[in-house]
Amino acid sequence: MSGTFLKGSDNHRQPSAFSTQCAVIGALMLRELHSRFGRDNIGYLWLIGEPMMLATVISSIHYFTSHSHQGMQPYPFTLVGYCLFIIFRGIFNRAEGAVESSSSLMYHKMVKPIDVMIVKTIIESLGCVASLIVLMAIGIMLGIAEFPVRPLYLMLGALMVTWWSFALSLIVASVTYGSHTLGRFVHPISYFCVPLSGAFWTMSLLPANFRSAMAWNPMVAMFETARYGQFEWADDRYMYIGYQITVCACLTFVGLVFIRTLQKRIHV
């Protein structure tokens, strides 16, 4: 009898918080994909197609106008830098107004602002990484790129850029909520990050004084890590992996505090 009771209780066990969270994120991802890309034409494939078109144009221009530097071919050099920067730009720029545009979803108690930000981060990063893989494969077949020498480091660089962007997006979403004035600064900041990020240059090209200053920029270290994973002759002295993790962890903590404060300000 006790066995029957236990068996029955297992069948009616409530889902765990983690499984519920995964279900919420999955539903939000489908909603986000449908609202952004729809089902017409190629539908969800625009998730990959949009960054692919941008990366193809930029990489092709650099291929025909640039030369190899220290064994780094111009096409994969630009492709890695641009695709990873698109991850940052997409997550960072879309953080402005992200919670406000999804405020109707907050009627459901299971949906939180953090869920919205996680979904946007996953969609942007997956689309850009998939574009990088497809375009890199095309470059390898055409003979203008080579297979990554250290794939794990390339993946680590992409992961760190995604983590960094997610942490910043939490802060941006919280600070710009209800303030259109602050929101207008988000896109210009992402433009200023283009020359400062290290996406299109390496630390070895910089003068010593400027190099020591840019070493404090965690984005530069992230791109150096990705390039070390792609190219055999890339320099590994400027990756500072411990520094990257520390900065991203601290920013994530600050972002979580901000987003928790924002959640209390939302009235539905």
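Q: Would you mind going over the environment of Leu170 in detail, with residue names and values included?
A: Looking at the secondary structure, you find Leu170 in helix α7 (residues 151-176). Taking the C-alpha atoms as reference points, Leu170 and Ile118, separated by 52 residues in sequence, lie 9.3 Å from one another. Not counting the four nearest positions on each side in its chain, Leu170 is found in contact with Ile114, Met117, Thr252, Gly255, Leu256 and Ile259.

Q: Which residues make up the layout of surface pockets, and what values do they have?
A: The calculated volume of the largest pocket comes to roughly 430 Å³. Lining of the largest pocket is provided by 17 residues; of these, Val129, Leu132, Ile133, Leu154 and Met155 occupy positions nearest its centre. Mapped by element, the contributors of at least two residues to the lining of the largest pocket are α6 (113-142) and α7.

Q: So what's going on with helix α9 (residues 186-196)? Residues and values would help.
A: Note: α-helices contain 3.6 residues per turn, so residues at a spacing of three or four share the same orientation. What α9 keeps buried is the set Val186, Ser190 and Cys193. The arc that holds every buried residue of α9, seen down its axis, measures 55°, which confines them to one face. Across α9 from its buried face, at more than 90 degrees, point the exposed residues Tyr191, Phe192 and Pro195. Of the residues flanking the end of α9, it is Gly198, one or two places downstream, whose phi is positive at about 85°.

Q: Let's hear about the nonpolar core: which residues, and what values?
A: Residues Leu79, Phe88, Val99, Met117 and Trp164 are the most contacted members of the largest nonpolar core, which totals 60 residues. Sorting the residues of this core by element identifies α2 (17-37), α4 (74-95), α5 (98-101), α6, α7, α9, α11 (218-230) and α12 (241-265) as the ones contributing at least two each. No other element matches the 13 residues that α4 contributes to this core. With residues up to four places along the chain from it excluded, the contact list for Trp164 reads Phe88, Pro218, Met219, Met222, Val247, Cys248 and Leu251. Residues Trp201, Met214, Ala215 and Tyr238 belong to the second largest nonpolar core, which totals seven residues.

Q: I'd love a proper account of the packing of aromatic side chains, names of residues and values included.
A: Under the criterion given, the structure shown has six aromatic pairs. Measuring from centroid to centroid gives 5.7 Å for Phe85 and Phe88, while their planes differ by 50°, and the two rings are tilted. Taken as a pair, Phe85 and Phe88 lie in helix α4 at a separation of three residues, close to a single helical turn. No difference in accessibility class separates Phe85 from Phe88, as the two residues are buried. Measuring from centroid to centroid gives 5.0 Å for Tyr153 and Tyr228, while their planes differ by 90°, and the two rings are edge-to-face. One end of the pair, Tyr153, is in helix α7; the other, Tyr228, is in helix α11, with 75 residues separating them in the sequence. Judged by its relative accessible area of 13%, Tyr228 falls in the buried class. Cluster of aromatic residues (ring-pair linked, three or more members): Phe85, Phe88 and Phe92.

The rules behind each value
- Each chain carries its own residue numbering, running from 1 in the direction its sequence is written.
- Given that the model is predicted, a residue must reach a pLDDT of at least 70 before its local features are reported, and side-chain atom pairs must reach 80 or more before they are shown or counted; all residues, however, enter totals for whole chains, interfaces and linings.
- The side-chain values count all of the structure's non-hydrogen atoms but skip hydrogen atoms and water molecules.
- Put simply, DSSP H or I for four residues or longer makes a helix, DSSP E for two residues or longer makes a strand, and each gets a number counted from the N terminus.
- We call two residues in contact when some of their heavy atoms are within 4.5 Å.
- Every definition here rests on a 1 Å grid over the protein atoms only: cavities are sets of points where a 1.4 Å probe fits but cannot get out, pockets are open sets enclosed by protein on both sides within 12 Å along at least five of seven lines, and lining residues have some atom within 4 Å of a point.
- Grid points are joined across faces, edges and corners, and a volume is the space filled by probe spheres set on the points.
- Three exposure classes are used, based on accessible area relative to the maximum for each residue type with a 1.4 Å probe and protein chains only: buried under 20%, partly exposed in between, and exposed over 50%.
- This arc is taken over the directions from the axis of the helix to the C-beta atoms.
- Buried Ala, Val, Leu, Ile, Met, Phe, Trp, Tyr and Cys residues form a nonpolar core when they are joined through side-chain atoms within 4.5 Å.
- Side-chain rings of Phe, Tyr and Trp (the six-membered ring for Trp) are treated as a pair once their centres are within 6.5 Å; stacked means planes under 30 degrees apart, edge-to-face means over 60, and tilted covers the remaining angles.

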